[in-house]
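The lines below spell out each chain.
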Amino acid sequence: MKYLIVVFLSGVLVYLMSFAKYNWDRDNRIAAVGAAIVGLTAFVLPIYLMFWGNFEV
């Protein structure tokens, strides 16, 4: 089950990174950096909590 969640989170990360690239190409640097930070946080934090946290999924 954990690995299925990782696949879903990877899809979310790809979507947000494509949005960040879209903003970067249109010289909207602040939005690009913000989207990248949100995407990486939304990917890394749940994975960290699932595999190394103190609870089970």
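Now for a description of the structure that goes with this document.

What counts, and where the lines are drawn
- Residues numbered from 1 in each chain as written.
- Predicted model: local features only at pLDDT ≥ 70, side-chain atom pairs only at ≥ 80, totals over all residues.
- Heavy atoms only, no water.
- Phe/Tyr/Trp six-rings, centres within 6.5 Å; stacked < 30°, edge-to-face > 60°.
- Lys NZ or Arg CZ within 6 Å of the ring centre and 35° of its normal.
- Helix = DSSP H or I, 4+ residues; strand = E, 2+ residues; numbered from the N terminus.
- Expected span 1.5 Å × (residues − 1).
- Buried < 20%, exposed > 50% of the residue type's maximum accessible area, 1.4 Å probe, protein only.
- Contact = heavy atoms within 4.5 Å.

A word on the packing of aromatic side chains. Scanning the entire structure with this criterion turns up three aromatic pairs. Note on Phe51 and Trp52: the rings are 6.0 Å apart at their centroids and 55° apart in plane angle, and the pair reads as tilted. Grouped by ring-pair contacts, the aromatic residues Tyr3, Tyr48, Phe51 and Trp52 constitute a single cluster. One Lys or Arg, Arg29, reaches over the ring of Trp24 and ends 4.2 Å from the middle of that ring.

Turning to helix H1 (residues 2-25), a few remarks are in order. Along its 24 residues, H1 runs 34 Å from first to last C-alpha, staying within 8% of the 34 Å computed at 1.5 Å per residue. Those residues of H1 not exposed but buried are Val6, Leu9, Leu13, Leu16, Ala20 and Asn23. Packing partners of the buried residues in H1 comprise helix H2 (29-52). Phi turns positive one or two residues past the end of H1, at Asp27, with a value near 55°.

In this section: H2. Helix length check: H2, at 24 residues, gives a terminal C-alpha distance of 33 Å against a target of 34 Å (1.5 Å per residue), a fit within 8%. Turning to H2, its buried residues are Ala32, Ala35, Gly39, Ile47 and Met50. Lining the buried residues of H2 we find H1.

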